Amino acid sequence: TQLLEQSPQFLSIQEGENLTVYCNSSSVFSSLQWYRQEPGEGPVLLVTVVTGGEVKKLKRLTFQFGDARKDSSLHITAAQPGDTGLYLCAGVTDSWGKLQFGAGTQVVVTP
Amino acid sequence: SQTIHQWPATLVQPVGSPLSLECTVEGTSNPNLYWYRQAAGRGLQLLFYSVGIGQISSEVPQNLSASRPQDRQFILSSKKLLLSDSGFYLCAWTRRDGSYEQYFGPGTRLTVT
């Protein structure tokens, strides 16, 4: 089983601060995805990273895939209350599209 | 555009009662379909996935079963619910284009009492 470990489990910051969430594994993934989930709703895909060393930016969110494709990070610049949510990383494990999810990082941004 | 529906949104059932959760996808054909369960505030556990009508793969031995009677319909069932079946159940679909990007439904909150 390919396990994904996310850290930290919980992060509480003030509006305007920066934050980074980490997703690590001992296994190599062909690609890795990041989702954000709000209470009582399904996760929503933010980004997919495929190439080792790849960096993708989505407004104030920056996603990086490690060179060895075993780890990834999500950095949020100048966090806003709307960034509050559960951030989940997920690695593609096979050709059927099965995903291995991390346990998630709960981010709370207070005004 | 594609949409995914799940119902019911919430469900409270006594231990030992049957269960049927339904998921349907619109606007696409021949999707891969998935059922997940999520504990409060935590990651997702894959329960079942399906690559076609009548084709079901189980990931975790348990009290649940799944069926896919139509291309865009996925059903999660149980004959007798256990307290441990409580949770947030999510259905998801992917295209078969190699992107593996999953699109989730709104979920069903199941409480077994």
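Residues numbered from 1 in each chain as written. Chains lettered and ligands numbered in written order. Predicted model: local features only at pLDDT ≥ 70, side-chain atom pairs only at ≥ 80, totals over all residues. Heavy atoms only, no water.

(A) Highlighting the environment of serine 50 of chain B. Residue and element names in this part refer to chain B. Within the secondary structure layout, serine 50 lies in strand E5 (residues 44-52). Between the C-alpha atoms of serine 50 and proline 31, which are 19 residues apart in sequence, the distance is 8.6 Å. A polar atom in the side chain of serine 50 sits 2.9 Å from the backbone oxygen of glycine 52. (Helix = DSSP H or I, 4+ residues; strand = E, 2+ residues; numbered from the N terminus. Polar contact = N/O pair within 3.5 Å; in protein donor to acceptor, adjacent residues only side chain to side chain.)

(B) Quick look at the sheet that holds strand E3 (residues 19-24) of chain A. All names here are of chain A. One open sheet holds the five strands; their spatial order is E1-E3-E8-E7-E6, and the pairing between them is antiparallel. Pairing within the sheet leaves two strands with one partner each, and these edge strands are strand E1 (5-7) and strand E6 (55-58). In this sheet, adjacent strand axes meet at a mean angle of 15° when their direction is disregarded. (Pairing = 2+ DSSP bridges. Axes fitted to C-alpha atoms, helices over the stretch in contact; angles between N-to-C directions.)

(C) Representation of the state of the cysteines. A complete count under the given rule lists two disulfides over all chains for this structure. Note that cysteine 23 of chain A is cross-linked by a disulfide to cysteine 89 of chain A, the S-S spacing being 2.0 Å. Of note, the bridge from cysteine 23 of chain A to cysteine 89 of chain A carries an S-S torsion of about 75° and is right-handed in sense. Taken as a pair, cysteine 23 of chain A in strand E3 and cysteine 89 of chain A in strand E9 (residues 85-92) lie far apart in primary sequence, 66 residues in all. Given a relative accessible area of 0%, cysteine 89 of chain A falls into the buried group. Across a sulfur-sulfur distance of 2.0 Å, cysteine 23 of chain B and cysteine 91 of chain B are joined as a disulfide pair. (Disulfide = S-S within 2.5 Å. Buried < 20%, exposed > 50% of the residue type's maximum accessible area, 1.4 Å probe, protein only.)

(D) Structural view of the sheet that holds strand E7 (residues 65-70) of chain B. Residues and elements named next belong to chain B. Pairing in this open sheet of four strands is antiparallel, and the strands run E1-E3-E8-E7 from one edge to the other. Since the sheet does not close on itself, it has two edges, and those belong to strand E1 (3-7) and E7, each with one partner. Sheet twist, expressed as the average angle between the axes of neighbouring strands with direction ignored, equals 20°. The sheet contact formed by strand E3 (residues 19-26) and strand E8 (residues 73-78) spans six bridges and is antiparallel. The residue bridging serine 20 from the neighbouring strand is serine 77, located in E8.

(E) Region of the structure containing the interface of chain A and chain B. At the junction of the two partners, chain A supplies 23 residues and chain B supplies 21 residues. Summed over both partners, the interface of chain A with chain B comes to about 1,700 Å²; 55% of that surface belongs to carbon and sulfur atoms. For the chain A face of the interface with chain B, the top three residues by lost area are Trp96, Lys98 and Phe101 of chain A, together amounting to 29%. Notably, a salt bridge pairs lysine 98 of chain A with glutamate 59 of chain B, separated by 3.2 Å at the nearest N-O pair. For the side of chain A that touches chain B, the secondary-structure elements that each account for two or more residues are strand E4 (32-37), strand E5 (44-49), E9 and strand E10 (99-101) of chain A. Classifying every residue of the side of chain A that touches chain B by side-chain character gives 10 nonpolar, 10 polar and three charged. (Contact = heavy atoms within 4.5 Å. Buried area = accessible area lost by both parts, 1.4 Å probe. Salt bridge = Lys/Arg side-chain N within 4 Å of Asp/Glu carboxyl O. Nonpolar A, V, L, I, M, F, W, Y, C, P; charged D, E, K, R; others polar.)

(F) Structural view of the confidence of the model for chain A. Per-residue confidence for chain A gives a mean pLDDT of 93; residues scoring 70 or more make up 98%. Ranking the elements of chain A by mean pLDDT puts E10 of chain A last, at 90, and E3 of chain A first, at 97. (pLDDT = per-residue confidence, 0-100.)

(G) Spotlight on the packing of aromatic side chains. As enumerated under the stated definition, the model contains 10 aromatic pairs over all chains in all. Between tyrosine 36 of chain B and phenylalanine 104 of chain B, the aromatic rings sit 5.5 Å apart at their centres with planes inclined by 45°, giving tilted as the arrangement. Taken together, the residues tyrosine 36 of chain B in strand E4 (residues 32-38) and phenylalanine 104 of chain B in strand E10 (residues 103-104) connect sequence positions 68 residues apart. Here the two residues tyrosine 36 of chain B and phenylalanine 104 of chain B agree in accessibility, since each one is buried. Each residue in the set Tyr35 and Phe101 of chain A together with Tyr34, Tyr36, Tyr49 and Phe104 of chain B is aromatic and connected to the rest through ring pairs, giving one cluster. (Phe/Tyr/Trp six-rings, centres within 6.5 Å; stacked < 30°, edge-to-face > 60°.)

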